[in-house]
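Secondary and tertiary structure notes
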Amino acid sequence: MKYDVVIIGSGLGGLECASVLSRMGRSVLVLEKEAQAGGCLQSYRRHGMAYDTGFHYVGGLDEGQSLHAAFNYLGLLNLPWQRLDEHFDRVTIGEREYPFAQGFDAFADTLAAEFPAEREALRSYADLLRRSGEQQLAALNPRHEEDTLTGKLLEANAYRYLEETFRSSELINALSGTSLKMELRRESLPLFSFLHGNVGFIESSWRLKGNGSLMVRALTDGIRSNGGEIVCKAEVEELIEENGRLVRAVCSNGESYEGDLFISDTHPAVTCALLKRSEKMKNSYRNRIMRMENTFGMFTVSLRVKPDTIRYFNWNRYVYKRPDVWTFYLNDSVDGLLISCRTPEDGGEYTRQIDLLTPMTKKKWEAWTHTRTGRRGEDYKAMKASVADECVSLAERFVPGLRDSIEERYTSTPLTYRDYTYTPEGAAYGLRKDCNAAATALLSTRTPVANLFLTGQSVMLHGVHGVTMTALHTCAEIVGKERIWDIVKN
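Presented here is a report on the structure given in the accompanying data block. (Residues numbered from 1 in each chain as written. Predicted model: local features only at pLDDT ≥ 70, side-chain atom pairs only at ≥ 80, totals over all residues. Heavy atoms only, no water.)

Below, the discussion takes up the packing of aromatic side chains. Using the criterion set out here, one finds 14 aromatic pairs in the structure. Pairing F71 with W81 gives two aromatic rings, centres 6.2 Å apart and planes at 45 degrees, and the pair type is tilted. With a gap of 10 residues between them, F71 in helix α2 (residues 68–73) and W81 in strand β6 (residues 81–83) connect regions that are remote in the sequence. On the basis of relative accessible area, F71 is assigned to the buried category, the value being 0%. (Phe/Tyr/Trp six-rings, centres within 6.5 Å; stacked < 30°, edge-to-face > 60°. Helix = DSSP H or I, 4+ residues; strand = E, 2+ residues; numbered from the N terminus. Buried < 20%, exposed > 50% of the residue type's maximum accessible area, 1.4 Å probe, protein only.)

The next thing to look at is helix α17 (residues 463–479). Residues lying three or four places apart along an α-helix face the same way, a consequence of the helix completing one turn every 3.6 residues. Between its first and last C-alpha, α17 extends 24 Å over 17 residues, near the 24 Å set by a 1.5 Å rise per residue. Among the 17 residues that make up α17, 15 are buried, leaving the element largely enclosed by the rest of the structure. Immediately beyond the C-terminal end of α17, within one or two residues, lies G480, with a positive phi of roughly 95 degrees. (Expected span 1.5 Å × (residues − 1).)

Our focus in this paragraph is the packing of α17 against helix α18 (residues 481–488). Here α17 crosses α18 at 140 degrees, and the two axes come no closer than 7 Å. Judged by the angle between their axes, α17 and α18 are oblique. Within the contact between the two elements, α17 uses L472, C475, A476 and V479 and α18 uses K481, R483, I484 and V488. Among the residues making up the contact of α17 with α18, the classes are represented as six nonpolar, no polar and two charged. (Axes fitted to C-alpha atoms, helices over the stretch in contact; angles between N-to-C directions. Parallel < 35°, antiparallel > 145°, perpendicular 65-115°, else oblique. Contact = heavy atoms within 4.5 Å. Nonpolar A, V, L, I, M, F, W, Y, C, P; charged D, E, K, R; others polar.)

Moving on to the environment of G25. In this structure, G25 sits in the loop between α1 (12–23) and β2 (28–31). Classification of G25 as exposed rests on a relative accessible area of 61%.

Right, let's get into the nonpolar core. Among the nonpolar cores identified, the biggest contains 161 residues, and W81, F194, M215, W326, I354, L356 and I484 are the most heavily contacted of them. The greatest single-element share of this core, amounting to nine residues, is contributed by α17. When residues no more than four places from it in sequence are discounted, the contact partners of F194 are Y125, A158, L162, L175, S176, M182, L184, L189 and W326. (Core = buried A, V, L, I, M, F, W, Y, C linked by side-chain atoms within 4.5 Å.)

The subject of this paragraph is the pattern of salt bridges. Applying the stated criterion to the full structure yields 33 salt bridges. For the salt bridge of D127 with R130, the shortest nitrogen-to-oxygen distance reads 3.4 Å. Within this pair, D127 and its partner R130 are both found in helix α4 (residues 119–138), separated by three residues, close to a single helical turn. Look at D127 and you get partly exposed, because its relative accessible area is 31%. Accessibility expressed as a relative area gives 27% for R130, which makes it partly exposed. Of the charged contacts in the structure, one is a salt bridge between E293 and R432, with a shortest N-O distance of 2.2 Å. Here E293, found in the loop between α11 (283–291) and β14 (297–305), pairs with R432, found in the loop between α15 (414–421) and α16 (438–441); they are 139 residues apart in sequence, far enough to count as distant. (Salt bridge = Lys/Arg side-chain N within 4 Å of Asp/Glu carboxyl O.)

Put into structure tokens, the structure is as follows:
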């Protein structure tokens, strides 16, 4: 059988593209190398409890906000979402806490109460956040005039903007305190990426009453009900090109699948490697992709908490030991941490699960394992235990009694992400964005091969919000902006 669209990879971007295109009448096939779909959204089970791999919360789901219409169309809005508290993120730097409020005006006013001399600057920053979020949606409007704001934000350095806008270094660090949603690089992070990492959550923030597999199930059920197919344990080994166009995907299961169009939801470097004998995939494009650096990986500690010991907290806490959050990830120890609490599915007041996340750079990896191999030997096990202990110790400052409340704990490293999501180096946010090379900060969803398109977090934006927006842009290249605009216009 020949399909209208063959999609490589069943991460969020691949599934969203499949959902949109199958609903629009295209015959769609999704190929997944693992035993289950979902990428970073997939969960795993241990002793009857499900644990998430990468998903913790999402922004912009309220009516009229950036993801509301898209999630409604994708069948995701009906999932059991719970809105977080007004102060949805709480950033602790040293001994001081800074609350992030939902709503742009409330966000600015809340921080202005801590920094009254910066009130006007905070309002200006909140307005820029609002406009950048609006621009992401407006870019899908077929009648949208040429966008100059996005280009300026891509070329602007995030740290330099903060320094020029705010006088208080303490406020700059506070505003950067949710930085585990991105990779802070003082010399290269685009303002575009920095704003995106915050804007959706400030609109409104939500958790699932359950794990990320609820989203996977909703998307896969929708795809299949639209006539689409999803084949797991079908790793694509090569994409075959004839006369300048892709014609089929050759898989490890011994099957070949033909298609008119192909979408890759894998890392762009992996995509390039699949075109082994392509005439259209020029070396200049391959080399540009291969030279791009990846973002850091993430170390995650998933804790199963004893019943009735830790009260549920309906917000996220970001913790930093040192005042400069722009350099915390360069230190060898656990200096920065996200503490996220799983919503009680029974509606009770106690949680059964807490996740702790900390960045894991190459420098940290080598310091903790004393090896460059990255193999899973005894040093790997010792490293995981040591880092997990550091994470728990830091988290216990803000969750009293945490260590004694742990029933079980599980850990994942960049190696885990690398093997299950096929992302080189287990990069948490795909390719690193660089304001000094704007062409790398915003890759096109098109490739040199006319019928091959890209989607996923390395292309434009990362996270659930960013990957969804990117998927819509990918689909717009195939069905036209008019049809996608009909989905997202408010």
